[in-house]
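What follows is the residue order along each chain.
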Amino acid sequence: SQTIHQWPATLVQPVGSPLSLECTVEGTSNPNLYWYRQAAGRGLQLLFYSVGIGQISSEVPQNLSASRPQDRQFILSSKKLLLSDSGFYLCAWRWGLNTEAFFGQGTRLTVV
Amino acid sequence: KQEVTQIPAALSVPEGENLVLNCSFTDSAIYNLQWFRQDPGKGLTSLLLIQSSQREQTSGRLNASLDKSSGRSTLYIAASQPGDSATYLCAVSKPGSARQLTFGSGTQLTVLP
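Owing to the predicted nature of the structure, the values given are computational and were not obtained by experimental measurement. Residue positions are given per chain, counted from 1 along the sequence in the order it is written. Starting at A for chains and at 1 for ligands, labels are handed out in the order in which the entities are written. Owing to the predicted nature of the model, reporting of local features is limited to residues with pLDDT of at least 70; listing and counting of side-chain atom pairs is limited to 80 or more, with chain, interface and lining totals taken over all residues. Hydrogens and water are ignored here; the side-chain numbers use all heavy atoms of the structure.

In this structure, what is going on with the interface of chain B and chain A? I would like to understand it.
The figure often quoted for interface size is the accessible area lost as the parts come together. Whether two residues are in contact is decided by their heavy atoms, any of which lying within 4.5 Å being enough. Across the contact, 21 residues belong to chain B and 21 residues belong to chain A. Reported buried area values correspond to the accessible surface (1.4 Å probe) lost by two parts on association, with both partners' losses combined. For the pairing of chain B and chain A, the buried interface totals around 1,800 Å² over both sides, and the portion due to carbon and sulfur atoms is 51%. Here, a salt bridge means any Lys or Arg side-chain nitrogen found within 4 Å of an Asp or Glu carboxyl oxygen. Linking chain B with chain A are zero salt bridges. Polar contacts, as counted here, are pairs of nitrogen or oxygen atoms within 3.5 Å of one another; within protein the pair requires one atom able to donate a hydrogen and one able to accept it, and residues that are adjacent in sequence qualify only if both atoms are side-chain atoms. Put simply, chain B and chain A have eight residue pairs in polar contact (both at pLDDT 80 or more) between them. Labels follow the DSSP assignment, with helices taken as runs of H or I lasting at least four residues and strands as runs of E lasting at least two, numbered in each case from the N terminus. Among the elements of the structure, β4 (32-38), β5 (44-51) and β9 (86-93) of chain B are those that each provide at least two residues to the side of chain B that touches chain A. Within the side of chain B that touches chain A, the residues separate by chemical class into eight nonpolar, eleven polar and two charged. For this classification, the nonpolar set comprises Ala, Val, Leu, Ile, Met, Phe, Trp, Tyr, Cys and Pro, the charged set comprises Asp, Glu, Lys and Arg, and every other residue, Gly included, is treated as polar.

Put into structure tokens, the structure is as follows:
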């Protein structure tokens, strides 16, 4: 069976510090991978998606970047965090456009 | 642009009641619609996926229907239990922008014992 891991679960970082959130999927190959952000009281906003190694698409301009160094690894990064980067970050995967999506347990990021 | 709306934003019911959660979307050209459950501070758990060619899907006490022509889906929960308390989100996947799921803002359900 497939599983998705996301870490860390919580993170408190000062403004201006770097960020690295990691997501890995097990039990599948060549998944479509996604990073979403969920702000308090708001819906999920797609940040990045990837259909393969090294292939990253960005949905919104922002202070964040993503990378996919391996088939089942997706990393969300920032060089300098802003207060507005605080939120709940969720990684997700699915095989294709017409298939079920599965989410990780999320990372609660607080920028102070 | 696809928009997804969930009404009501919050719902409180006594244990044992049957209930319906609503989801509407503006563009009927979708691949599928998926219902999720989110517990506080946790990730999303997939409940049901309905393909555009399907009318409904069932899993245990849950039944989801899809009326693509009217842009509506409902999630029916039978014999609700306190453990069903959570936020329920619907999301659609459509051609063109089908790399992503477009989410509603969710319905926060509280089942009172």
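Would you explain the nonpolar core in this entry?
In globular proteins that are soluble, nonpolar side chains generally tend to be buried together. Only buried residues count toward a nonpolar core, which is a set of Ala, Val, Leu, Ile, Met, Phe, Trp, Tyr and Cys residues joined through side-chain atoms within 4.5 Å. For every residue, the accessible area (1.4 Å probe, protein chains only) is compared with the maximum for its type, and the residue is labelled buried under 20%, exposed over 50%, or partly exposed between those bounds. Membership of the largest hydrophobic core comes to 22 residues, with the highest contact counts inside it found for L33, W35, L75 and I77 of chain B. Looking at this core, the elements that each hand over two or more residues are β3 (19-25), β4, β5, β7 (62-67), β8 (72-77), β9 and β11 (107-112) of chain B. Counting residues in hydrophobic clusters, the runner-up holds 20 residues, among them V25, W35, L76 and C91 of chain A.

Explain the sheet that holds strand β1 (residues 3-7) of chain A here, please?
As a general point, the strands of a sheet are linked pairwise by backbone hydrogen bonds and lie either parallel or antiparallel. Residue and element names in this part refer to chain A. The antiparallel open sheet is built from four strands, whose spatial order is β1-β3-β8-β7. The sheet terminates laterally at β1 and β7 (65-70), the two strands that pair on one side only. This sheet shows a mean twist of 20 degrees between the axes of neighbouring strands, independent of strand direction. Between any two strands, at least two bridges found by DSSP are needed for them to pair. Sheet analysis places β1 next to strand β3 (residues 19-26), joined by five bridges and oriented antiparallel. Within the sheet, the bridge partner assigned to Q6 lies in β3 and is C23. Comment: axis = line fitted to C-alpha atoms, over the contacting stretch for helices; angle = value between 0 and 180 degrees taken between N-to-C directions.

Sorry, what's going on with the sheet that holds β3 of chain B here?
All names here are of chain B. Across the sheet, five strands lie side by side as β1-β3-β8-β7-β6; this open sheet has antiparallel pairing. Of all the strands in the sheet, just β1 (4-5) and β6 (56-59) have a single pairing partner and so form its edges. Two elements, β6 and β7, share four bridges in a ladder whose sense is antiparallel. Considered in β7, the bridge of S59 is made with L62.

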